[in-house]
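# Survey of secondary and tertiary structure
Residues per chain are reported as follows:
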There are 2 protein chains.
Amino acid sequence: MKKSKFYIEHLYIAKELLHWVLLIFPVAVVVGLLVAFFLWLLDMVTAARWQHLWIIFLLPIAGIFITWLYNRFSKNAAAGNNLIIDEIHKPGGGVPASMTPLILFTTIITHLFGGSAGREGTAVQMGGSIAAQFARWFKLHHDRKRILLMCGMSAGFGAVFGTPVAGAIFALEVLTIGRIKYDALIPCLLAGMIADITCTSCGIHHTQYTIAFTDDAPNLFPYIQFDMVLLGKVIVAGILFGLTSYLFTQLSHFIKQTSNRFITSKWLIPVVGAVLIIAISYLLGSFDYLGLGVTNPNPGGISIVAAFNAGGATYTSWFWKLLLTAITLGMGFKGGEVTPLFFIGATLGNTLAVISGAPIDLFAGLGFIAVFAGATNTPLACTIMGVELFGGTNIIYFAVACFLAYYFSGHTGIYGSQGIAVSKF
Amino acid sequence: MKKSKFYIEHLYIAKELLHWVLLIFPVAVVVGLLVAFFLWLLDMVTAARWQHLWIIFLLPIAGIFITWLYNRFSKNAAAGNNLIIDEIHKPGGGVPASMTPLILFTTIITHLFGGSAGREGTAVQMGGSIAAQFARWFKLHHDRKRILLMCGMSAGFGAVFGTPVAGAIFALEVLTIGRIKYDALIPCLLAGMIADITCTSCGIHHTQYTIAFTDDAPNLFPYIQFDMVLLGKVIVAGILFGLTSYLFTQLSHFIKQTSNRFITSKWLIPVVGAVLIIAISYLLGSFDYLGLGVTNPNPGGISIVAAFNAGGATYTSWFWKLLLTAITLGMGFKGGEVTPLFFIGATLGNTLAVISGAPIDLFAGLGFIAVFAGATNTPLACTIMGVELFGGTNIIYFAVACFLAYYFSGHTGIYGSQGIAVSKF
C-alpha cells in the first residue's frame, strides 16, 4: 500500500491521458469533417456516373491525369498507406501534407470515371497525413508522433465505416503481422470516436447491414446459439475467404509488376488498365463491378447490400470484382481496397451459402469481414467490426471466419510495409 | 504468382492446423467435462451452505485442511495461475498433474464453508494442468507445449463462463501486459469452443445476464446508439473501475504479506482469515458476500444478478465483497478471483448508476467486465466478453470502460507473473 507511489503513478496516468485528449481532439475533428466531405463527394460522383454511364469512356484520360498529379506534386505520397505504416515503424521522410488533397481528389476521380476501388485507404491516408501535419505544428517527438499517426489512421477508419472500436484495433493491429501492442489503445479509441461522432454529426449516414439469422435450435451458448453443421460450413468458408484474400493480394502484385515491366511508358499503364476495365465490363454486360459497389441503382443489380439477400450475387461476382479491383489499383488509379474486399467477400459468402444451404445473410456478413481480415492481417479488428456492423449475436462465427482467413491468407497482405512479428505457423 | 510456393505454404498451414485439432481435441474435451463437474459441484455446495448456514463456523478448520493438503501433496501447485503463466513464458519445473484435483477439491471446500472466491482460477488451473499432462504424454517440445498450455487456459476460461472467444483472447492477453501475440490464435479459439460445447452438452447452463438498455435518442452510430452525457458518465465510471481493480490488487498483496509477516504459524493464517470473514459477516448482518455471489436465495439479497436491477446493491456492497475476497484469497483459501471481481464491479456499477442517474443494467455490466479487465490487464478479452454475455449493442461503452480500467489499474494485477511488454504510459 505505497500511497505515495499510487498518487504519482495515477496522477501521471491522468495527466498523460488529458494531454492526449488535447492533442487528439483537433486531429480527430478535422479528420471527421474531411471524411464527411469525402463520403458526400463520393455519393455525388457515384450518382453522377450512374446517370451518365458514357463517362466511363473517359477513364483512360482520368488515369493519365492521376499519374500526372502524383508525378507533379508528390511522388512520395503515392506509397499511400504503406508510407504511413513505415513512418510509424521508423521515422523517415515524413508523411507529406499534400497526401490529403491528392488522395481525396484522385479517389473521387477514380470513382467518377468508373474505376473499381474503395474508401478506407483514402480515409486512412487523410487521417495519417492530417495527424502528421498536426505533429509538425505541435513539434512532437517521434514517440508521440507515431501514436498521433496511429490515431489519425484510427480516426479515418472509424469515421469512414462508423466503427470506432474496430478502427482503434485496426490502427494497432495493421502495423505488424501477428502482434498487437497496447501503447496507443486509449488514444486510438478516442480518435476513432471523436472522428466518427464528427462525421455522423455532419449528417453522414452509414449503410445499415442486417443479419437476421439467429440459430435458435440447440442453445448451447449464452447469447450465442450453436449448431455443429453450420460451424463446419463456417470453417470451410473461412478457409476459402482466406485463400481469396491471398488471390487478391497476389493478383494485385502480379498486375502491378507485370504492367511496370512490360508497359514501357508509365503514362500508358492507366490507359491500358482503363481499357481493360471497360472491355471486361462490356464483355460481362454489367457495370455492377465499377465504383464502390455498396448499393446498386438497378433493382436486380449486384452490390454489397444485395449480397445479403438471396439472388444478390452470381457464382462469379466475387471473381470479377476481384479482377477489376486488382486492375484498377494495380494500374495507377486511387482509392481504398477495403470496400472492394467487402464486395468480394459478401458476394462470395452469398455464393457459398447458396451452394451449401447455409444462411445467406450470415455468410455474406462473414465474407464481408473475413476477406478483409485476411488481406490486411487484422483478425481482431474485423471480428469487432462484425459486432459493430451486424450485432454481437454471431460473434463466434465472426471469430472463426476471421481467424481462419487470417491464417490462410499466408504471410502477405495488401500493405507491403507490415512487418512480420510472429509467424502464422 | 509463385504457384509452388503457394502450394507449400498453404498445405503446411492446413497440416499444422489439422495437427493442432488432434492435439487439442482430447485436452479440451477433458477440460470441458471437468469444468462441468466442477460447476455442478459448486452449485451443490453453494445450495448446501445456504441451507445450513452454521457450516461457516467450520471455515477455520477448512482453512487448516487446505493448507495441509497443499503442504502434503504439492507446494508447487499453490502458485496457481502464476505457475502456468511462468511455464508458458519459460520452461521450468512443469505444471504438476496434482494441480487439478488439488485446486478442484480446495475450491469446493472454500465455497462450501463460506469463503468469498470465484471459479475462473480453478477452471484455468485445471485447464493448464490437464494440458501439461497431455503435453507430457504427447512428448511435445516446449514451443508446442506452451501453446497447448495456453489452449488449456482458454478451454478452462471458455467453458466456465460460456465465452469461448473471450477465453481465447484472454489466454493470449493475460501472459504479458500491453501486448498480444497471435501464435496461438486458432488453437486457443478451438480449445475454448470445444470445451464450452462439451461443458454445456453436459447440461450446464450459464447464468443469463440482460442489459436491456439501448440508447435510441441521438442515433449517431450504426447499430450503436450514442449520447455524449452518458459517455461522460461511462468515462468517469471506467476510471473508478480501474482504481477499484488497483485497490483489490494492492489490498490482496498487503493482506498476504502482512499475515505472512505477523502471523508466525502458517497454520494460523487461514484460521485468522476465517474468523475475520465470519466476524465481518456478523457485523454486517449479511452473508451475501460469502461464496460465489452469482445469485442469492433471498429475494432482497445482494448478488451479481441482483446488481443488474434497481435496489440490487447497497452503496458499500462492492467494498465488503472486495475486503472479504482479499481476506479469503490472501489468507490461504482457494478459488478464482474473477467472479468476485464481477460481483465487485457489478455492485459498484449499480451504485454509480444510482448516484449519477445512469442506466443501472448497463453500468452493472460495465463494472462486471471492467474491474476484471483492470485487475488482469486484459481489456480486449473483457470487451469481447461483454459482447458474448450482454450482446453487441453497447460495445463502444464496453471498450471505453475496459480500456480506461486497464489504464487506471496501474502496472500491477492479480497475476504477479505477467511480464510488462509495453508500459501503459
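Every value quoted in this text rests on a predicted model; they were computed, and no experiment measured them. Sequence order as written defines the numbering, with residues in each chain counted from 1. To label them, take the chains in the order written and letter them from A, then take the ligands in the order written and number them from 1. The predicted nature of this model means local features are confined to residues of pLDDT at least 70 and side-chain atom pairs, given and counted, to a pLDDT of 80 or more, with totals for whole chains, interfaces and linings taken over all residues. With hydrogens and water excluded, all non-hydrogen atoms of the structure serve as input to the side-chain values.

### Description of the overall build of chain A
Heads up, the rule is: Only DSSP runs of H or I reaching four residues or more are called helices, and only runs of E reaching two or more are called strands; each is numbered from the N terminus. Both definitions apply: the radius of gyration is a C-alpha atom measure, and the globule rule equals 2.2 Å times residues to the power 0.38. We call a residue buried when its accessible area falls under 20% of the maximum for its residue type, exposed when it is over 50%, and partly exposed in between, using a 1.4 Å probe and counting protein chains only. Contacts are residue-level and defined by heavy atoms, with any inter-residue pair within 4.5 Å sufficient. Here, Shrake-Rupley sampling with a 1.4 Å probe gives the accessible areas, and only protein chains in the shown set may cover a residue. Just so you know, the count uses Lys and Arg for positive and Asp and Glu for negative, and it drops His and the chain ends. Charged side chains are reduced to one point each, which is NZ for Lys, CZ for Arg, CG for Asp and CD for Glu.
Within chain A one finds 15 helices and three strands. Taken against the 2.2 N^0.38 rule, which gives 22 Å for 425 residues, the C-alpha radius of gyration of chain A at 21 Å falls within 12% of a compact globule. With respect to the three principal axes, the spread of C-alpha positions in chain A is 75 × 60 × 45 Å. Buried residues in chain A amount to 67% of all 425 residues. Relative to all contacts within chain A whose residues are 6 or more apart in sequence, the contacts with residues 24 or more apart total 78%. Looking at chain A as shown, the accessible area adds up to about 14,500 Å², and 66% of this sits on carbon and sulfur atoms. A distance of 14 Å separates the average location of the 23 positive side-chain charges in chain A from that of its 17 negative side-chain charges.

### Focus: the nonpolar core
Under the convention used in this document: Buried Ala, Val, Leu, Ile, Met, Phe, Trp, Tyr and Cys residues that are joined via side-chain atoms within 4.5 Å together make up what is termed a nonpolar core.
If you look at the biggest cluster of nonpolar residues, it comprises 318 residues, and the most contacted ones within it are L148 and F363 of chain A together with L148 and F363 of chain B. Beyond its immediate chain neighbours, meaning those up to four positions away, F363 of chain B contacts L230, K233, V234, A237, F241, G349, L352, A353 and A358 of chain B.

### Observations regarding the domain arrangement of chain A
Residues and elements named next belong to chain A. Which entries qualify depends on this criterion: Where each domain starts and ends follows an automatic or database-derived domain assignment. Once two parts are joined, some of their accessible surface, as seen by a 1.4 Å probe, is lost; buried area is that loss totalled over both. A pairing counts as a salt bridge when a side-chain nitrogen of Lys or Arg comes within 4 Å of a carboxyl oxygen of Asp or Glu. Pairs of N or O atoms within 3.5 Å make up the polar contacts considered here, provided that, within protein, one atom can donate a hydrogen while the other can accept it, and that residues adjacent in sequence are counted only when both atoms are side-chain atoms. We call Asp, Glu, Lys and Arg charged. Ala, Val, Leu, Ile, Met, Phe, Trp, Tyr, Cys and Pro are nonpolar, and the rest, Gly among them, are polar.
Under the domain assignment, chain A is made up of domain 1 (3-201) and domain 2 (228-420). Here domain 1 and domain 2 have C-alpha centroids that lie 22 Å from each other. Each partner contributes to the interface: domain 1 provides 51 residues, whereas domain 2 provides 51 residues. Between domain 1 and domain 2, roughly 4,200 Å² of surface is buried when both sides are summed, and carbon and sulfur atoms account for 68% of that area. A per-residue breakdown of the area domain 1 buries against domain 2 is headed by S116, E173 and I177, which together make up 18% of the total. Linking domain 1 with domain 2 are zero salt bridges. The tally of links between domain 1 and domain 2 comes to 15 residue pairs in polar contact (both at pLDDT 80 or more). If you tally residues by element for the side of domain 1 that touches domain 2, the top one is helix α2 (residues 59-73), at 10 residues. Residues that form the side of domain 1 that touches domain 2 fall into these classes: 27 nonpolar, 19 polar and five charged.

### So, helix α12 (residues 338-356) of chain B
In an α-helix, one turn spans 3.6 residues; hence positions three or four apart end up facing the same way. This is how it is decided: Expected span, for any helix, means 1.5 Å times one less than how many residues it has.
The terminal C-alpha atoms of α12 of chain B lie 26 Å apart, and with 19 residues this matches the ideal 27 Å at 1.5 Å per residue to within 8%. A large share of α12 of chain B lies buried, amounting to 16 of its 19 residues.

### A few points about the interface of chain A and chain B
Applied cut-off: Note on pairing: two strands pair once DSSP finds at least 2 bridges between them.
Taken together, the contact between chain A and chain B spans 70 residues of the former and 69 residues of the latter. Roughly 6,500 Å² is buried in total at the junction of chain A and chain B, and carbon and sulfur atoms are behind 77% of that figure. The interface formed by chain A and chain B contains zero salt bridges. Taken together, the connections running from chain A to chain B amount to five residue pairs in polar contact (both at pLDDT 80 or more). Elements that contribute at least two residues to the side of chain A that touches chain B include exactly α1 (3-51), α7 (164-173), β2 (179-181), α8 (185-201), α9 (228-262), α14 (379-390) and α15 (395-408) of chain A. Within the side of chain A that touches chain B, the residues separate by chemical class into 48 nonpolar, 13 polar and nine charged. Taken together, the three bridges between β2 of chain A and strand β2 (residues 179-181) of chain B define a ladder with antiparallel strand orientation. Opposite R179 of chain A, over in β2 of chain B, you have K181 of chain B as the bridge partner.

### Digging into the relation of the copies chain A and chain B
Condition: When the copies are overlaid, the least-squares fit takes in C-alpha atoms only where the residue has pLDDT of at least 70 in both copies.
When chain A is brought onto chain B, the operation consists of a screw motion whose angular component is 180 degrees and whose axial shift is 0.0 Å, with 0.0 Å RMSD remaining. Each copy turns onto its partner about a two-fold axis. For chain A, the minimum C-alpha distance to the rotation axis belongs to G392 of chain A and amounts to 1.9 Å. When the interface residues of chain A are mapped onto chain B, 99% of them again fall at the interface, so both copies present the same face.

### Concerning the packing of helix α13 (residues 360-376) of chain B against helix α15 (residues 395-408) of chain B
Residue and element names in this part refer to chain B. What counts is decided by this rule: For helices, the fitted line uses only the C-alpha atoms of the stretch in contact; every axis is such a line through C-alpha atoms, and the angle between N-to-C directions lies from 0 to 180 degrees. Note on convention: the crossing is left-handed when the near helix lies turned anticlockwise from the far helix by less than a right angle, right-handed when the turn is clockwise.
One can describe the packing of α13 onto α15 by two numbers: an axis separation of 8 Å at closest approach and a directional angle of 35 degrees. Two packed elements cross with a definite hand, and for α13 against α15 that hand is right-handed. Packed against α13, whose contacting residues are L362, L366, I369, A370, A373 and G374, the element α15 presents Y397, F398, A401, C402, A405 and Y406 at the interface.

### Side note on the side chain of E337 of chain B
Checked against the element boundaries, E337 of chain B lands in the loop between α11 (317-330) and α12. This buried residue, E337 of chain B, is left without a salt bridge; K256 of chain B holds the nearest opposite charge, at 7.5 Å.

### Quick notes on the packing of aromatic side chains
Let me state the cut-off plainly: To pair, rings of Phe, Tyr and Trp, with the six-membered ring standing in for Trp, must have centres within 6.5 Å; the planes then decide the type, stacked if under 30 degrees apart, edge-to-face if over 60, and tilted in the middle. Consider the ring centre and the ring normal. A charge sits over the ring if Lys NZ or Arg CZ is within 6 Å of that centre and within 35 degrees of that normal.
Inspection of every chain in the model, using the stated rule, returns 54 aromatic pairs over all chains. Taken together, F157, F161, F170, Y209, F308, F342, F368, F372, F390 and F398 of chain A form an aromatic cluster joined through their ring pairs. Lying over the aromatic face of F343 of chain A, K321 of chain A brings its terminal NZ or CZ to 4.8 Å of the ring centre. The ring of F73 of chain B carries the charged tip of R72 of chain B above its face, separated from the ring centre by 4.8 Å.

### Some details on the pattern of salt bridges
Here the idea is simple: oppositely charged side chains can pair when their charged atoms come close. Residue and element names in this part refer to chain B. Summed over the entire model, instances satisfying the criterion amount to six salt bridges over all chains. The shortest N-O distance in the salt bridge between R144 and E16 comes to 3.1 Å. With a gap of 128 residues between them, R144 in helix α6 (residues 142-161) and E16 in helix α1 (residues 3-51) connect regions that are remote in the sequence. Among the residues examined, R144 registers a relative accessible area of 26% and is labelled partly exposed.

### Some points on the state of the cysteines
Residues and elements named next belong to chain A. To keep things clear, this is the line we draw: By definition, disulfides here are pairs of cysteine sulfur atoms that lie within 2.5 Å.
Tallied over the full model, the rule gives zero disulfides over all chains. Of the cysteine sulfurs around C199, a residue in no disulfide, the closest is that of C202, at 6.3 Å. Since its relative accessible area comes to 0%, C199 is described here as buried. Considering cysteine sulfurs only, C402 is the nearest to C382, which forms no disulfide, with 5.2 Å between them.

### Details of a nonpolar patch on the surface
All names here are of chain A. To keep it simple, the criterion reads: The patch calculation keeps residues exceeding 30% relative accessible area without a salt bridge and links them within 9 Å when they carry like charges or within 5 Å when they are nonpolar (Val, Leu, Ile, Met, Phe, Trp, Tyr).
A surface patch of nonpolar side chains, amounting to about 570 Å² of accessible area, comprises I64, F65, W68, F73, F105 and W267. Of the residues forming the nonpolar patch, the biggest block, four residues, is contributed by α2. On the secondary structure map, F65 appears in helix α2.

### Here's the deal with the confidence of the model for chain A
Residue and element names in this part refer to chain A. This is how it is decided: The pLDDT value tells you how sure the predictor is about a given residue, anywhere from 0 up to 100.
Summing up the model confidence of chain A, the mean pLDDT is 89 and the portion of residues at 70 or higher is 95%. Within chain A, helix α12 (residues 338-356) carries the highest mean pLDDT (96), whereas strand β3 (residues 419-420) carries the lowest (74). Scored below 50 in pLDDT, residues 220-225 shows 29 contacts in the model against residues more than four places distant or in partner chains.

### Let's talk about the packing of α9 of chain A against helix α13 (residues 360-376) of chain A
Residues and elements named next belong to chain A. Put simply, the test is: Oblique is the label for any angle not covered by the other classes, which are roughly parallel (under 35 degrees), roughly antiparallel (over 145) and roughly perpendicular (65 to 115).
Contact pair α9 / α13: the axes reach a minimum separation of 8 Å and the direction vectors enclose 40 degrees. One way to sum up the angle between α9 and α13 is to call them oblique. Between α9 and α13 lies a crossing whose hand is right-handed. Residues L230, K233, V234, A237, F241, S245 and T249 of α9 pack against L362, F363, L366, G367, A370, V371, G374 and A375 of α13. Classifying every residue of the contact of α9 with α13 gives 10 nonpolar, four polar and one charged.

### Some words on unusual backbone geometry
Where the residue is not glycine, phi is negative for most of them; where a peptide bond is considered, it is trans in most cases. The phi torsion at N377 of chain A lies on the positive side, around 60 degrees, for a residue other than glycine. Within the secondary structure, N377 of chain A is located in the loop between α13 and α14. Unusually for a residue other than glycine, K139 of chain B sits at a positive phi of about 55 degrees. In this structure, K139 of chain B sits in the loop between α5 (120-138) and α6.

### Focus: the environment of I384 of chain B
Mapped onto the fold, I384 of chain B is located in helix α14 (residues 379-390). Each C-alpha atom of the pair I384 of chain B and I169 of chain B lies 8.4 Å from the other, and the pair is 215 residues apart in sequence. Apart from residues lying up to four places away in sequence, I384 of chain B is in contact with I395 of chain A together with V165, A166 and I169 of chain B.

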